[in-house]
Amino acid sequence: HRLSAKVVDVIKIDVQGHELAVLQGGQDLIARSSNLKVLFEFWPIAYEMAGEDPSTVLRFFEDRGFRLFEPSDWSRAHDWRYWLERGCADILAARV
């Protein structure tokens, strides 16, 4: 089933390590949605169990102009290396 929306403002993803597949499937929608914010759980072990490099999902966002924030603190974004070292966390990806 295809999503017919032209743009969206918020996406929440919680698919236990399969975030990259969801993001890749929604690339066109993500590209069209200039004010998009994506909330997702970064869980490195789940990515590894799904056969993915945990940094790939983080770099997906950065490569598309998103910055990665703590959901409760928009004062400072962190790059993908910070999140990889930190481990499991909720992350808000936003174009700001």
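This text follows the structure it describes.
Conventions used here
Residues numbered from 1 in each chain as written. Predicted model: local features only at pLDDT ≥ 70, side-chain atom pairs only at ≥ 80, totals over all residues. Heavy atoms only, no water. Helix = DSSP H or I, 4+ residues; strand = E, 2+ residues; numbered from the N terminus. Buried < 20%, exposed > 50% of the residue type's maximum accessible area, 1.4 Å probe, protein only. Contact = heavy atoms within 4.5 Å. Areas by Shrake-Rupley, 256 points an atom, 1.4 Å probe, with all protein chains shown as cover. Salt bridge = Lys/Arg side-chain N within 4 Å of Asp/Glu carboxyl O. Core = buried A, V, L, I, M, F, W, Y, C linked by side-chain atoms within 4.5 Å.

**Student:** Talk me through the overall build of the protein chain; I want residue IDs and the actual numbers.
**Tutor:** Looking only at helices and strands, the protein chain features five helices and five strands. Written out in order from the N terminus, the α and β elements of the protein chain read β-α-α-β-α-α-β-β-α-β. Overall, the protein chain is about 35 × 30 × 20 Å in size when its C-alpha atoms are taken along their principal axes. Counting all 96 residues of the protein chain, 39% fall into the buried class. Taking contacts inside the protein chain between residues at least 6 apart in sequence as the whole, the part at least 24 apart equals 64%. Counting every atom, the protein chain has about 5,900 Å² of accessible surface; 49% of that belongs to carbon and sulfur.

**Student:** For the pattern of salt bridges, give the residues involved together with the corresponding values.
**Tutor:** Enumeration over the complete set of coordinates arrives at four salt bridges. A salt bridge links Asp14 to Lys12; the shortest N-O distance between them is 4.0 Å. Assessed through its relative accessible area of 58%, Lys12 is described here as exposed. With a shortest N-O distance of 3.1 Å, Arg81 and Asp79 are connected by a salt bridge.

**Student:** Account for the nonpolar core, with residues named and values stated.
**Tutor:** Generally speaking, soluble globular proteins have nonpolar side chains that are buried together. Membership of the largest hydrophobic core comes to 22 residues, with the highest contact counts inside it found for Phe40, Val57, Leu58 and Phe61. The set of elements that each furnish at least two residues to this core consists of helix H1 (19-25), helix H2 (27-32), strand E2 (37-42), helix H4 (54-63), helix H5 (80-86) and strand E5 (89-94). A per-element tally of this core places H4 first, with four residues. With residues near it in sequence (within four places) discarded, Phe40 still touches Ile13, Tyr47, Val57, Leu58, Phe61, Ala89, Asp90, Ile91 and Ala93.

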